[in-house]
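Tertiary structure, described
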Amino acid sequence: KHTARMLHTYTTRKMGAIRGMDLDLNKNYLFTGGFEDGELAAFNIDKPGREKYGTMVASLQGKEKIRSIAWSGKRMEVYSGTADGAITFWDLLTG
């Protein structure tokens, strides 16, 4: 029987409910979204086995009621979709 062990827990600044996540395995970024307060967060989760050294690298304030997120490593953009049907593009290179 194989069991899993918890490696680390990250929290966002506003600690709202998370509705979606996306992971970039090439850059070791984890993106969270779906907060009722409109916060999206980006974490550098470091390399496997070093998750406890990861840090939050961005906290973005957008529209409330985020329902989904997606990440494009090629474009360095995060996309969020909200309950009102809007899609917001976030450019992480220029801020």
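Structural data are supplied above this passage.
Here's what I pulled together on the structure shown here. (Residues numbered from 1 in each chain as written. Predicted model: local features only at pLDDT ≥ 70, side-chain atom pairs only at ≥ 80, totals over all residues. Heavy atoms only, no water.)

**Some thoughts on the sheet that holds strand 5 (residues 66-72)**
Two pairing modes exist for strands in a sheet, parallel and antiparallel, and in both the strands are linked by backbone hydrogen bonds. Definition in use: Two strands qualify as a pair provided DSSP detects at least 2 bridges between them. Counting from the N terminus, the helices are DSSP H or I runs at least four residues long and the strands are E runs at least two residues long. Geometry is summarised by axes, namely lines fitted to C-alpha atoms with helices restricted to the contacting stretch, and by angles between N-to-C directions that run from 0 to 180 degrees.
Spatially, the three strands line up as an open sheet ordered 5-6-7, and their pairing is antiparallel. Edge positions in the sheet fall to strand 5 and strand 7 (87-91), since each of these pairs with one other strand and no more. Strand-to-strand, the axes of this sheet are offset by a mean angle of 20°, without reference to chain direction. Two elements, strand 6 (residues 77-82) and strand 7, share five bridges in a ladder whose sense is antiparallel. Bridge pairing links G81 to I87 in strand 7.

**Focus: the pairing of strand 1 (residues 20-24)**
Two elements, strand 1 and strand 2 (residues 29-33), share five bridges in a ladder whose sense is antiparallel. Note that in strand 2 the partner of G20 across the bridge is G33. Between the antiparallel neighbours strand 1 and strand 2 lie four residues, among them N28 with a positive phi of about 60°.

**Topic: the pattern of salt bridges**
This is how the line gets drawn: The salt bridge definition used is simple: a Lys or Arg side-chain nitrogen within 4 Å of an Asp or Glu carboxyl oxygen. Each residue is assigned to one of three classes by its accessible area relative to the maximum for its type, calculated with a 1.4 Å probe on protein chains only: buried under 20%, partly exposed between the two thresholds, exposed over 50%.
For the structure on display, the rule yields five salt bridges. Measuring nitrogen to oxygen at the nearest pair gives 2.9 Å for the salt bridge that ties E36 to R19. Here the residue E36 occupies a position in the loop between strand 2 and strand 3 (39-44), and R19 occupies one in the segment before strand 1, the gap between them amounting to 17 residues. You can call R19 partly exposed: its relative accessible area is 45%. The shortest N-O distance in the salt bridge between R50 and D46 comes to 3.6 Å. Owing to a relative accessible area of 40%, R50 belongs among the partly exposed residues under this scheme. Ionic contacts of the salt-bridge type, sharing partners, join the residues R19, E36 and R67 into one network.

**Structural notes on the side chain of S80**
In plain terms, the rule: Between N or O atoms, a polar contact is any pair within 3.5 Å; within protein, one atom must be a potential hydrogen donor and the other a potential acceptor, and residues adjacent in sequence are included only when both atoms are from side chains. In what follows, a contact means two residues having at least one pair of non-hydrogen atoms within 4.5 Å.
Among the secondary structure elements, S80 is positioned in strand 6. For S80, a relative accessible area of 4% translates into the label buried. There is a polar contact of 3.4 Å between the side chain of S80 and the side chain of W90. Among all residues touching S80, those that are not within four sequence positions of it are L40, I66, S68, I69, A86, I87, T88 and W90.

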